[in-house]
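The residues making up each chain are set out below.
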Amino acid sequence: MGWTRKDLLTIRELEPAEILTLIDTAASLEEIAGREIKKVPALRGKTVVNLFYENSTRTRTSFEIAGKWLSADVINFAASGSSAAKGESFVDTARNIAAMSPNVVVVRHSSSGAPALLARELSCAIVNAGDGAHEHPTQALLDLLTIRNKKGHFEGLSVAIVGDIAHSRVARSNIHGMKKLGMTVTVAGPPTLIPPYAQELGCKVSYRLEDAIRDVDVIMMLRLQQERMHAGLIPSLREYSRYWGLTLDRLAAHARPDVLIMHPGPVNRGVELSPEVADGPYSVILDQVAKGVAVRMAVLLLLAGGRSGEEK
Ligand code: CP
């Protein structure tokens, strides 16, 4: 299927065929990472601006690498150190960036809907690199690519997403993507961290780690998003870890021997995952990171490839 959208804002709005187009394109670009000279001319003359209002290691770096491997000019904007610190609004900042004629603006913001706002305001392509607790579409795409690479298919696979579902944009994007591609999703965590939308989207809900991880193909562990918690939703980190921390003993007792352990990062070692699990044989956490570059190349290529700024 060809790509016709101007922007990539959510997984929710994508057709399954569009998700597969993104994943297949990423898979075809993965081999660039293994080349001695990691450079193709696909986006020569195009400009990508990374507009990050929240901290990031993996997403910002991989968008930068992806753009550079495709020969785009990549400019990184961090709100700290910019005129946002002098009071310039988000939309004014974005309009000023757009006046410099970028082809793609990649935006991360703590407010849900900020990328959609820019997509309405600006004529260039907008990519959502994570907006509040709403969506993180490129994270879900790289997670899906990792799963297909390891398991060979999507249909019929079962996944447990464990932890702070309520504040997780990664969970929401993955739930949409996994359900669209025929996977069964269980969300698990303390009741205070399970949002009502999970059941509305057709997820099973579990309040016990041992039950959630039994017989699933994939376990996706999530970080407690304490920066988004406005009330005491867990008694303490120690208590959370006691009930919800994934250890080798728990895996050995309850999970399948071929289970994949995923985590979007950053990992809080000793809280949601023990170091032995994070670094152990079931973990594909660094595979996820590597696939993030391929996915972001695919997104930039499909949104900016072959089209000039004027055509958008
Ligand atoms: N997974 C993820 O979004 O990581 P960063 O916050 O480091 O970009």
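Relevant structure appears above.
Notes on the structure in this doc start here. All values derive from a computational prediction rather than experimental measurement.

**What to know about the site of the ligand**
Here is step 1: Neighbouring the ligand are the residues Ser56, Thr57, Arg58, Thr59, Arg108, His136, Gln139, Pro264 and Gly265.
Here is step 2: Between an oxygen atom of the ligand and a side-chain N or O atom of Thr59, the distance comes to 2.6 Å.
Here is step 3: When the ligand is considered free in solution it has 250 Å² of accessible area, and contact with the protein chains removes 91% of it.
Here is step 4: Mapping the ligand onto the cavity grids shows that it belongs to the largest pocket.
Here is step 5: Each residue belonging to the shell around the ligand can be placed in one class, and the counts come to one nonpolar, six polar and two charged.
Here is step 6: Structurally, the shell around the ligand is a two-domain feature, drawing no fewer than three residues from each of domain 1 (16–135 + 292–304) and domain 2 (137–288).

**A closer look at the side chain of Asp7**
Here is step 1: Within the secondary structure, Asp7 is located in the segment before α1 (16–29).
Here is step 2: Here Lys6 takes part through its side chain, which lies 2.9 Å from a polar atom of the side chain of Asp7.
Here is step 3: Here the side chain of Asp7 touches Ile126 through a polar contact of 2.8 Å, landing on its backbone nitrogen.
Here is step 4: When residues no more than four places from it in sequence are discounted, the contact partners of Asp7 are Ala119, Cys124, Ala125, Ile126 and Leu303.

**Examining the pattern of salt bridges**
Here is step 1: Within this structure, the stated rule accounts for 18 salt bridges.
Here is step 2: When the shortest N-O distance is used, the salt bridge between Arg35 and Glu31 registers 2.7 Å.
Here is step 3: Overall, the relative accessible area of 45% leaves Glu31 in the partly exposed class.
Here is step 4: Residue Glu64 pairs with Lys68 through a salt bridge whose shortest N-O separation is 2.7 Å. You can see Glu64 and its partner Lys68 sitting in helix α2 (residues 58–69), four residues apart, about one turn around the helix.
Here is step 5: What emerges from the salt-bridge pattern is a single network uniting Lys151, Asp217, Arg256 and Asp258.

**A few points about the sheet that holds strand β1 (residues 47–52)**
Here is step 1: The four strands are arranged β2-β1-β3-β4 in an open sheet whose pairing can be described as parallel. Looking at which strands have only one partner, the edges of the open sheet turn out to be β2 (73–78) and β4 (125–131). Each adjacent strand pair in this sheet contributes to an overall mean axis angle of 15°, direction not counted.
Here is step 2: With five bridges joining them, strand β3 (residues 104–109) and β4 adopt parallel strand pairing. In the sheet register, Val105 faces β4, and the bridge partner there is Ile126.
Here is step 3: Here helix α3 (residues 90–98) sits on the sheet in contact with β1, β2 and β3, set at roughly 165° to β1.

**Concerning the nonpolar core**
Here is step 1: Membership of the largest hydrophobic core comes to 64 residues, with the highest contact counts inside it found for Val106, Leu141, Ile161, Met178, Val187 and Leu300.
Here is step 2: For this core, the element with the most residues is helix α12 (residues 285–304), which contributes ten residues.
Here is step 3: Two domains each put at least three residues into this core: domain 1 (16–135 + 292–304) and domain 2 (137–288).
Here is step 4: Every residue in contact with Val106, bar those within four places of it in the chain, is listed here: Val48, Val49, Asn50, Leu51, Phe52, Phe63, Val127, Ala129 and Leu300.
Here is step 5: The next biggest cluster of nonpolar side chains, apart from the first, holds 24 residues, and it includes Leu193, Met221, Ile234 and Trp244.

**With respect to the pairing of β2**
Here is step 1: Relative to β2, β1 runs parallel, the two being bridged by six bridges. Opposite Thr47, over in β2, you have Asp73 as the bridge partner.

**Let's talk about the packing of helix α5 (residues 137–151) against α12**
If you want to describe how two helices pack, look at the angle between their axes and the distance between the axes.
Here is step 1: At a closest axis distance of 8 Å, the pairing of α5 and α12 adopts a crossing angle of 120°. As the angle between them shows, α5 and α12 are arranged oblique. Viewed along their axes, α5 and α12 form a crossing whose handedness is right-handed. Residues Thr138, Gln139, Leu141, Leu142, Asp143, Leu145, Thr146, Asn149 and Lys150 of α5 lie in contact with α12, whose contacting residues are Asp287, Gln288, Lys291, Gly292, Val295, Arg296 and Val299.

**Details of the packing of α1 against α12**
Here is step 1: Orientation of α1 relative to α12, taken along the N-to-C sense of each, is 115°, at an axis distance of 8 Å. In this structure, α1 crosses over α12, and the sense of that crossing is right-handed. In contact with Thr21, Leu22, Thr25, Ala26 and Leu29 of α1, α12 contributes Ala294, Val295, Met297, Ala298, Val299, Leu301 and Leu302.
Here is step 2: Its residues assigned to classes, the contact of α1 with α12 shows ten nonpolar, two polar and no charged.

**Considering the side chain of Ser173**
Here is step 1: You can see Ser173 is positioned in helix α6 (residues 169–180).
Here is step 2: Within the structure, Ser173 has its side chain in polar contact with the backbone nitrogen of His136 (distance 2.8 Å).

About the cut-offs
- Residues numbered from 1 in each chain as written.
- Predicted model: local features only at pLDDT ≥ 70, side-chain atom pairs only at ≥ 80, totals over all residues.
- Heavy atoms only, no water.
- Near = heavy atom within 4 Å.
- Polar contact = N/O pair within 3.5 Å; in protein donor to acceptor, adjacent residues only side chain to side chain.
- Areas by Shrake-Rupley, 256 points an atom, 1.4 Å probe, with all protein chains shown as cover.
- 1 Å grid on protein atoms, 1.4 Å probe; cavity = no way out; pocket = protein on both sides within 12 Å on 5 of 7 lines; lining within 4 Å.
- Sits in = over half its atoms within 2 Å of the grid points.
- Nonpolar A, V, L, I, M, F, W, Y, C, P; charged D, E, K, R; others polar.
- Domains from an automatic or database assignment.
- Helix = DSSP H or I, 4+ residues; strand = E, 2+ residues; numbered from the N terminus.
- Contact = heavy atoms within 4.5 Å.
- Salt bridge = Lys/Arg side-chain N within 4 Å of Asp/Glu carboxyl O.
- Buried < 20%, exposed > 50% of the residue type's maximum accessible area, 1.4 Å probe, protein only.
- Pairing = 2+ DSSP bridges.
- Axes fitted to C-alpha atoms, helices over the stretch in contact; angles between N-to-C directions.
- Core = buried A, V, L, I, M, F, W, Y, C linked by side-chain atoms within 4.5 Å.
- Parallel < 35°, antiparallel > 145°, perpendicular 65-115°, else oblique.
- Left-handed = near helix turned anticlockwise from the far one by under 90°.

Treat this as a map of the structure, not an account of what it does.
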